[in-house]
Amino acid sequence: SSGINAEYGVQNKKRQKKQARGRLSLDTLKSSTKGIIATANFLDYGCRREVFSLLDDFTDKKVEKDSESQDVDDEIAKEIAELKAEKKRFQIVDTTLNNMMFIAVFDDTIEVCQLVHNILSNLREKKERKTRFLQRIIPVSNTCYASVEDIKKTALEMIKDTFYNKTPKTFGIIFKSRNNSSVSRDEVIKIVATVATDGDTYSEFNKVNLDNPEYAIIINIVKTITFMGVVKDFKLLCRYNVDELTKNYAASIKPQNEAAD
């Protein structure tokens, strides 16, 4: 009902104000920060909880028990250290936008594009629905300042290993901008497409295919920051829309207490 929705909306705003304290801000992001963009279809805090649950399921960083006779105090200390390390690995960045968050990843062993691909492929393969509030989950392998020059430089660094060879491939460029008017969609798509074909050098091998590209170059601009990533199976995995991908799957959502921020 509208009354319930309004109450949830008020609660969500209160949580957002509380959770914003101590978070990283967009202005503090360093160039080439990697991470994950998550969008919510309704509740931000529910989305956040679900994303961290997926990250926990698909990253092997749980505390191992050395032996049954291990001292209890040592075990507790080890678990506390693990929790602290986990918080450092994944940090929420305050985008100040409703229903969109960025989770910065500070673990060099994690390849975010592969991680997100693994999560979505696993959900598709097992036909599981583990989320209710999470809408999209988009990997970000590079960030930069939202200018044409910086985007061109970052795109070159990001795609050269994959694109600069004589193996035929198709690509599409997905662009979205929020709260930014300094760069235009057409300008960004043109410059990134030029980089993807290296001018004319690889134009014979790298072709645009917007319907079902082998690689999708995803560009999100939020205020003064550009988030970029290259993903595979964009159409197969429902444009990385978790909600759409799993909507017909049986729910396997377990009741959880709300996690503390």
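A few points on the structure. (Residues numbered from 1 in each chain as written. Predicted model: local features only at pLDDT ≥ 70, side-chain atom pairs only at ≥ 80, totals over all residues. Heavy atoms only, no water.)

## A look at the packing of aromatic side chains
- Following the criterion strictly, the structure yields six aromatic pairs and no others.
- Taking the centre distance of 5.8 Å and the plane angle of 75° together, the rings of F163 and F171 count as edge-to-face.
- The class for F163 is buried, based on a relative accessible area of 0%.
- Residue F171 is classed as buried on the basis of its relative accessible area of 1%. (Phe/Tyr/Trp six-rings, centres within 6.5 Å; stacked < 30°, edge-to-face > 60°. Buried < 20%, exposed > 50% of the residue type's maximum accessible area, 1.4 Å probe, protein only.)

## Some points on the side chain of K34
- In this fold, K34 is placed in strand 2 (residues 34-40).
- It is D108 that comes nearest to the buried, bridge-free K34 among opposite-charge side chains, at 4.8 Å.
- A polar contact of 2.4 Å, which involves the side chain of K34, links it to the backbone oxygen of I110.
- Not counting the four nearest positions on each side in its chain, K34 is found in contact with F102, I103, A104, V105, D107, D108, I110, V112, V140 and S141. (Helix = DSSP H or I, 4+ residues; strand = E, 2+ residues; numbered from the N terminus. Lys, Arg positive; Asp, Glu negative; His and termini not counted. Salt bridge = Lys/Arg side-chain N within 4 Å of Asp/Glu carboxyl O. Polar contact = N/O pair within 3.5 Å; in protein donor to acceptor, adjacent residues only side chain to side chain. Contact = heavy atoms within 4.5 Å.)

## Details of the nonpolar core
- Core analysis: the biggest nonpolar cluster contains 46 residues, and C47, F102, L120, F227 and Y240 have the highest contact counts within it.
- The biggest single contributor to this core is helix 4 (residues 112-126), with seven residues.
- Residue contacts for L120: discarding those within four places in its chain leaves I137, L237, Y240, V242 and L245.
- Ranked by size, the runner-up nonpolar core spans 23 residues in total, among them I191, Y215, I221 and V230. (Core = buried A, V, L, I, M, F, W, Y, C linked by side-chain atoms within 4.5 Å.)

## So, the pattern of salt bridges
- Applying the stated criterion across every chain, the model contains eight salt bridges.
- One salt bridge in this structure joins D107 and R89, with 3.0 Å as the shortest N-O distance. Remark: R89 occurs in helix 3 (residues 72-89) and D107 occurs in the loop between strand 4 (100-105) and helix 4; sequence separation between them is 18 residues. Grouping residues by exposure puts D107 and R89 together as buried.
- Sharing partners across several salt bridges, the network here consists of D57, E128 and K130.

## A closer look at the sheet that holds strand 10 (residues 215-222)
- Reading across from one edge, 7-11-10-8-9 is the order of the five strands in this open sheet, with mixed pairing throughout. At either margin of the open sheet sits one strand with a lone partner, and together these are strand 7 (142-145) and strand 9 (206-208). Recorded for the sheet is a direction-independent mean angle of 30° between the axes of neighbouring strands.
- Alignment of strand 8 (residues 169-178) against strand 9, held across three bridges, turns out to be parallel. Within the sheet, the bridge partner assigned to K169 lies in strand 9 and is N206.
- With respect to the sheet, helix 5 (residues 148-163) is in contact with strand 7, strand 8, strand 9, strand 10 and strand 11 (225-232), its orientation differing from that of strand 11 by roughly 15°.
- Where helix 6 (residues 185-196) meets the sheet, it contacts strand 8, strand 9 and strand 10, and its direction lies at approximately 150° from that of strand 8. (Pairing = 2+ DSSP bridges. Axes fitted to C-alpha atoms, helices over the stretch in contact; angles between N-to-C directions.)

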